[in-house]
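Spelled out from the first residue to the last, the chains are:
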Amino acid sequence: MILETQREQVVEHASDLATLTPGRTGNLSVRGGDGDAFAITPTGVPYDAFDVDDVPVVGVDGEHRDGAMKPSSEVPMHSAIYRREDVGAIVHTHSPWSTTLAIADEPLPPIHYMIVAVGKRVPVAEYAPYGTDALAKNIVTAMREADATASLIENHGLVVTAPDLETALENTAHVESLARIYLEARSAGLEPQRLSDEQLETVLEQFESYGQQ
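The structure reproduced in this document is the subject of the present report. If you're wondering where the values come from, they're calculated on a predicted model, not measured in any experiment. (Residues numbered from 1 in each chain as written. Predicted model: local features only at pLDDT ≥ 70, side-chain atom pairs only at ≥ 80, totals over all residues. Heavy atoms only, no water.)

### Here we look at the overall build of the chain
- When its secondary structure is counted, the chain shows six helices and eight strands.
- In the chain, the succession of α and β elements from N to C terminus is α-β-β-β-β-α-β-α-β-α-β-β-α-α.
- Computed over C-alpha atoms, the radius of gyration of the chain comes to 17 Å, within 12% of the 17 Å expected from 2.2 N^0.38 for 213 residues, which places it in the range of a compact globule.
- Projected onto its principal axes, the C-alpha positions of the chain cover 50 × 40 × 30 Å.
- In the chain, 65% of the contacts between residues at least 6 apart in sequence involve partners at least 24 apart.
- A total accessible area of about 10200 Å² is found for the chain, and carbon and sulfur atoms account for 48% of it.
- The averaged location of the 34 negative side-chain charges in the chain is 6 Å from the averaged location of its 14 positive side-chain charges. (Helix = DSSP H or I, 4+ residues; strand = E, 2+ residues; numbered from the N terminus. Rg over C-alpha atoms; globule rule 2.2 N^0.38 Å. Contact = heavy atoms within 4.5 Å. Areas by Shrake-Rupley, 256 points an atom, 1.4 Å probe, with all protein chains shown as cover. Lys, Arg positive; Asp, Glu negative; His and termini not counted. Charge placed at Lys NZ, Arg CZ, Asp CG, Glu CD.)

### Things to note about the layout of surface pockets
- Of the volumes computed, that of the largest pocket is approximately 190 Å³.
- Forming the walls of the largest pocket are 17 residues, and the residues nearest its centre are Arg 24, Thr 25, Asn 27, Ser 72 and Ser 73.
- For the lining of the largest pocket, a count of residues per class yields four nonpolar, 11 polar and two charged. (1 Å grid on protein atoms, 1.4 Å probe; cavity = no way out; pocket = protein on both sides within 12 Å on 5 of 7 lines; lining within 4 Å. Points joined across faces, edges and corners; volume = space filled by probe spheres on them. Nonpolar A, V, L, I, M, F, W, Y, C, P; charged D, E, K, R; others polar.)

### Let's talk about the sheet that holds strand E7 (residues 150-153)
- Here we have eight strands laid out as an open sheet, ordered E4-E3-E2-E1-E5-E8-E7-E6, and mixed in their pairing. The open sheet terminates on both sides in strands that have one partner only, identified here as strand E4 (64-66) and strand E6 (124-125).
- Examined bridge by bridge, strand E3 (residues 57-59) and E4 share two bridges and lie antiparallel to one another. The residue bridging Val 58 from the neighbouring strand is His 64, located in E4.
- Sitting on the sheet, helix H1 (residues 4-13) touches strand E1 (27-32), strand E2 (37-40), E3 and E4, and the angle it makes with E1 is about 160°.
- Where helix H2 (residues 75-84) meets the sheet, it contacts E1, E2, E3, strand E5 (89-93) and strand E8 (157-162), and its direction lies at approximately 35° from that of E1. (Pairing = 2+ DSSP bridges. Axes fitted to C-alpha atoms, helices over the stretch in contact; angles between N-to-C directions.)

### Here we look at the pairing of E8
- Of all six residues making up E8, six are buried, and the element is well covered by its neighbours.
- Where E7 meets E8, four bridges bridge the pair, whose relative direction is antiparallel. Across the sheet, the residue bridging to Leu 152 is Leu 158, located in E8.
- Between E7 and E8, which pair antiparallel one after the other, the connecting turn spans three residues, and Asn 155 there sits at a positive phi close to 55°. (Buried < 20%, exposed > 50% of the residue type's maximum accessible area, 1.4 Å probe, protein only.)

### Some remarks on the packing of H2 against helix H4 (residues 133-146)
- At a closest axis distance of 8 Å, the pairing of H2 and H4 adopts a crossing angle of 45°. With respect to H4, the element H2 is oriented oblique. As H2 packs across H4, the resulting crossing turns out to be right-handed. Facing H2, whose interface residues are Pro 76, Met 77, Ala 80, Ile 81, Arg 83 and Arg 84, H4 presents Asp 133, Leu 135, Ala 136, Lys 137, Ile 139, Val 140 and Arg 144.
- The residue makeup of the contact of H2 with H4, split by class, is eight nonpolar, no polar and five charged. (Parallel < 35°, antiparallel > 145°, perpendicular 65-115°, else oblique. Left-handed = near helix turned anticlockwise from the far one by under 90°.)

Shown next as structure tokens:
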């Protein structure tokens with residue numbers, strides 16, 4: 001079985017999408033091997049309704065190489081991001097607070113130090129039809145311009161990239177939490193204070209020695 005470890009990770013973590021996005025609207029993928037293919041959630045099935053053998057394996061060229069089920073309709077987005085960026089995993093959700101910002105075409109500013117998990121802000125990528133290379137190009141452009149590893153998608157949702165799937169999922173939760181805090185403060189009539197670049201750089205330096213070394 002090709003990319004067995006990555007397919008196991010998709011099965012193990014697919015259920016995490018249920019806490020982040022409504023219905024079956026999310027998808028995730030894990031890159032493996034020599035980087036030319038990835039395992040991705042199948043399309044149109046509950047997150048707990050497939051096994052390792054079912055998990056589709058897709059090349060970065062978009063070709064379905066293995067797996068009993070059809071891959072996510074967002075394969076073009078995933079494959080195009082992998083072609084353009086050196087990342088190990090991608091998580092895409094329609095998580096409600098992030099999507100609220102996306103439909104307002106409003107980036108998530110640095111209102112809390114944890115934003116540095118994905119950059120100094122979360123930009124909004126220009127809209128394009130879902131499941132297209134054009135959408136992936138817009139996402140990569142937005143992330144590069146903002147020097148971020150996440151992007152909101154105009155009138156769509158959120159994409160987070162990371163070296164591994166666990167980090168991508170954790171950072172998706174971070175972005176969603178910060179989007180909620182930001183919007184709740186705004187709805188209460190408050191204007192959230194923003195951290196400066198200097199303050200964010202200090203956080204980044206502190207994060208270098210955070211946790212178990």
